[in-house]
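Each chain, letter by letter, is given below.
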Amino acid sequence: MAVKKTEAIVIRSYPLGDSSKILTFYTKEFGKVRAVAKGAKRTKSKFRGNVELLNHGFLVFFEKPNRDLQNVNEFDLINCFGQLKQDFDQTTYACYCSELVDAIEFEGGVNQGVFSLLIDTFKALPAAKDILLLVRTFELCLLNETGYMPLFSHCISCSDLLIDTPAKFSDRLGGLICLTCRRQDLHSVSISLESIKLLKTLQQTDISVPYEAQVSPKNHQELKTVLFSLIANQTQKQIKSLQFIENLK
Ligand SMILES: [Zn+2]
């Protein structure tokens, strides 16, 4: 049994009996770690309420090889993102971002870029003028970091360059298709040139310096359609917090 120490973010939390919690951490050094925090729900717990969803802290756990569930020994708080948690929408979208990290599978599983992306997003949310634009940027950055970088500059079928060229989005092919290739997916959907430009811009955006722009409801809807489709292709899972967000509208 080895003692492991790393920075970590609590991305999921479930009760275990009356007093304990099963937690999923996204850690800087070991990727996703599932662990039990024994007695975490007791008022006099050694965790002092630190093992809450979205908290960033310094985790010490005992690693038992070949076990799916580890034991949390310590979790010292670095940042509880108090400002974010005072706002319902920001908290909901931060939970959505955490759930996406949990759901998306990628090779190796250890990715410090994903770890930093989550922290930078939580820090950026309270200042964001347009939360949805920030969340779309997060989704694109997550796809890039995990190796599923979508191409918005070329037709996914014939590879022709798309510069100010009308195109459609193919859910089945997972990218943009030029009008010559549109017969390859009769269910492809329209996407405006403005939305294609926005996708390219957001893909190049550093989330700690978020892109600010006036985005029309139509463009927002198109960005959402494209990103949800690309994410669904990668996760193959239903994102529960997304359904929750959709039900609020
Ligand atoms: Zn084409």
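Cut-off values and rules
- Residues numbered from 1 in each chain as written.
- Predicted model: local features only at pLDDT ≥ 70, side-chain atom pairs only at ≥ 80, totals over all residues.
- Core = buried A, V, L, I, M, F, W, Y, C linked by C-beta atoms within 7 Å.
- Buried ≥ 20, exposed ≤ 12 C-beta atoms within 10 Å, placed from the backbone.
- Domains from an automatic or database assignment.
- Contact = placed C-beta atoms within 7 Å.
- Pairing = 2+ DSSP bridges.
- Helix = DSSP H or I, 4+ residues; strand = E, 2+ residues; numbered from the N terminus.
- Axes fitted to C-alpha atoms, helices over the stretch in contact; angles between N-to-C directions.

A. Fine view of the nonpolar core. Phe 25, Tyr 26, Val 101, Leu 118, Leu 142 and Leu 176 are the most contacted members of the largest nonpolar core, which has 60 residues in total. Two domains each donate at least three residues to this core, and these are domain 1 (2-80) and domain 2 (83-248). If we skip the residues at most four places from it in the chain, Tyr 26 touches Ala 8, Ile 9, Ile 11, Lys 32, Val 101, Val 114, Phe 115 and Leu 118.

B. Representation of the sheet that holds strand β3 (residues 31-37). On the basis of which strands lie adjacent, the closed barrel formed by five strands has the order β1-β2-β3-β5-β4 and mixed pairing. The sheet shows a mean angle of 45 degrees between the axes of neighbouring strands, taken without regard to direction. One ladder, built from seven bridges, connects strand β4 (residues 56-63) with strand β5 (residues 70-79); its direction is antiparallel. Bridge pairing links Phe 62 to Asn 71 in β5. Against the sheet, helix α2 (residues 88-103) makes contact with β1 (2-16) and β2 (20-27), and its axis sits at roughly 115 degrees relative to β1, the strand it touches most. Its contacts with the sheet place helix α3 (residues 112-124) against β1, β2 and β4, and it is angled at close to 110 degrees to β2.

C. Inspection of the domain arrangement of the protein at higher detail. Once the domains are mapped, the protein shows domain 1 (2-80) and domain 2 (83-248). On a C-alpha basis, the centroid separation for the pair domain 1 and domain 2 is 29 Å. Listed by partner, the interface residues are 13 residues for domain 1 and 14 residues for domain 2. Contributing elements (two or more residues each) for the side of domain 1 that touches domain 2: β1, β2 and β3. The element best represented in the side of domain 1 that touches domain 2 is β1, accounting for three residues.

D. Structural view of the pairing of β1. The sheet contact formed by β1 and β4 spans eight bridges and is antiparallel. The partner of Lys 4 across the bridge, within β4, is Phe 61. Here β1 pairs with β2 via eight bridges, running antiparallel. Within β2, the residue paired with Arg 12 across the bridge is Thr 24. Following β1, the chain reverses through three residues before pairing antiparallel with β2; Gly 17 in that reversal takes a positive phi of roughly 65 degrees.

E. The sheet that holds strand β6 (residues 167-170), seen in detail. Strand order in this open sheet of three strands is β7-β6-β8, and the pairing throughout is antiparallel. The open sheet terminates on both sides in strands that have one partner only, identified here as β7 (175-178) and β8 (189-191). Averaged over all neighbouring strand pairs, the angle between strand axes comes to 45 degrees, with direction disregarded. Where β6 lies against β7, four bridges are found, and the strand directions are antiparallel. If you follow Ala 167 over to β7, its bridge partner there is Cys 178.

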